[in-house]
Amino acid sequence: MLVVGFPAGALRANCYLLAPGPDTACVVVDPGEDSAGRVAEALAEHRLTPVAVLATHGHPDHVGDAPVLTAAHDVPMWIHPADRGLHEGAEPADVRDLTGAPLELAGLAIDVDLVPGHTDGSVVFRVTTPEGGRLALTGDTLFAGSVGRGDQRRLGESLRDALLPLPDDTVVLPGHGPATTIGRERAGNPFLSGARSVVPVR
């Protein structure tokens, strides 16, 4: 499986491209502000064809360039309906609702976990690679050593119910900062030790 990730924009939000491999279809996750050029470079380098844009939530640093990419490639954007309107710019012509049901896109089986807290419509995308690896794209819900801002009670419940039960070797691809694992965060993230009363810092 091919995973390409890079930070973009003033807030250095991470954008990811997921594909079964080079020369295939792909999905673009969280193409935030000023990410379109880097996405185009990655598509050309790995000879990928996007079939969808996925949003972990609706903040501009994560979806700012979604209208550009969806228009350029004539593909839909998937986002939770509660987060439509958080981005004040233009909206893609084809917007589809994430409901928690799994997605089958670009030859990938993508599980969608609803994790309200940072925003009402925050989600986590989970993918199991053909090699047996596990990925969780957590947006601004969970970072290496930290968690997102938001409704503390709901965020704590989302962390407890959706993320803490995942296997230790699950690789966390967060919305900002470096990758980590669930095991590392369970052991060392101070905000997970009391997930019912998380104090957000980002």
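Refer to the structure above for everything that follows.
The notes below deal with the structure included here. Note that the structure is predicted; figures quoted are calculated from it, not measured.

### Some points on the overall build of the protein chain
Counting its secondary structure elements, the protein chain contains five helices and 14 strands. Expressed as lengths along the three principal axes of its C-alpha atoms, the size of the protein chain is roughly 45 × 40 × 30 Å. Of all 202 residues assigned to the protein chain, the portion counted as buried reaches 54%. The contacts of the protein chain with a sequence gap of at least 6 include a subset with a gap of at least 24, amounting to 60%. Total accessible area on the protein chain is roughly 8500 Å²; 51% of this is exposed by carbon and sulfur atoms. Positive and negative charge centroids in the protein chain, built from 15 and 26 side chains respectively, lie 7 Å apart.

### Concerning helix α4 (residues 152-163)
In this model, α4 (12 residues) spans 15 Å end to end at C-alpha, consistent with the 16 Å of a helix rising 1.5 Å per residue. Taken together, the buried positions of α4 are L155, G156, S158, L159, A162 and L163. Projected down its long axis, α4 shows its buried positions confined to an angular sector of 165°, all on one face. Measuring from the backbone nitrogen of R153 back to the side-chain oxygen at the start of α4 gives 3.1 Å, which picks out D151 as the cap.

### Considering the sheet that holds strand β2 (residues 13-19)
Strand order in the open sheet formed by six strands is β1-β2-β3-β4-β5-β6, and the pairing between neighbours is mixed. Both edges of this open sheet fall to β1 (2-8) and β6 (95-97), since each of them pairs with a single strand only. Here the strands of the sheet are splayed against their neighbours by 25° on average, with no regard to which way each runs. Relative to strand β4 (residues 49-54), strand β3 (residues 25-29) is paired through five bridges, and the arrangement is parallel. In the sheet register, V29 faces β4, and the bridge partner there is L54. Lying on the sheet, helix α3 (residues 66-73) is in contact with β3, β4 and β5 (77-79); it crosses β4 at an angle near 145°.

### A word on empty space enclosed by the protein
For the structure shown, the criterion picks out one cavity of 30 Å³ or more. Looking at the lining of the largest cavity, the elements with two or more residues in it are α1 (36-46), β4 and α3. Looking at the lining of the largest cavity element by element, the count peaks at three residues for β4. Grouping the amino acids of the lining of the largest cavity by side-chain chemistry returns eight nonpolar, one polar and no charged.

### Here's the deal with the sheet that holds strand β7 (residues 103-105)
Overall, mixed pairing links the six strands, which are arranged β7-β8-β9-β10-β13-β14 in an open sheet. In this open sheet, the two edge strands, each paired with only one partner strand, are β7 and β14 (180-181). Pairing geometry for strand β13 (residues 171-174) and β14, over two bridges, is antiparallel. If you follow V171 over to β14, its bridge partner there is T181.

### Looking at the pairing of strand β9 (residues 123-128)
Walk down a regular strand and you will see the side chains alternate between the two sheet faces. Relative to β9, strand β8 (residues 108-114) runs antiparallel, the two being bridged by five bridges. Its bridge partner being in β9, L114 is matched across the sheet by V123. Connecting β9 to the next strand, strand β10 (residues 134-139), in antiparallel fashion are five residues, including G132 with a positive phi near 100°.

Conventions we followed
Residues numbered from 1 in each chain as written. Predicted model: local features only at pLDDT ≥ 70, side-chain atom pairs only at ≥ 80, totals over all residues. Heavy atoms only, no water. Helix = DSSP H or I, 4+ residues; strand = E, 2+ residues; numbered from the N terminus. Buried < 20%, exposed > 50% of the residue type's maximum accessible area, 1.4 Å probe, protein only. Contact = heavy atoms within 4.5 Å. Areas by Shrake-Rupley, 256 points an atom, 1.4 Å probe, with all protein chains shown as cover. Lys, Arg positive; Asp, Glu negative; His and termini not counted. Charge placed at Lys NZ, Arg CZ, Asp CG, Glu CD. Expected span 1.5 Å × (residues − 1). Arc of directions from axis to C-beta. Polar contact = N/O pair within 3.5 Å; in protein donor to acceptor, adjacent residues only side chain to side chain. Pairing = 2+ DSSP bridges. Axes fitted to C-alpha atoms, helices over the stretch in contact; angles between N-to-C directions. 1 Å grid on protein atoms, 1.4 Å probe; cavity = no way out; pocket = protein on both sides within 12 Å on 5 of 7 lines; lining within 4 Å. Points joined across faces, edges and corners; volume = space filled by probe spheres on them. Nonpolar A, V, L, I, M, F, W, Y, C, P; charged D, E, K, R; others polar.

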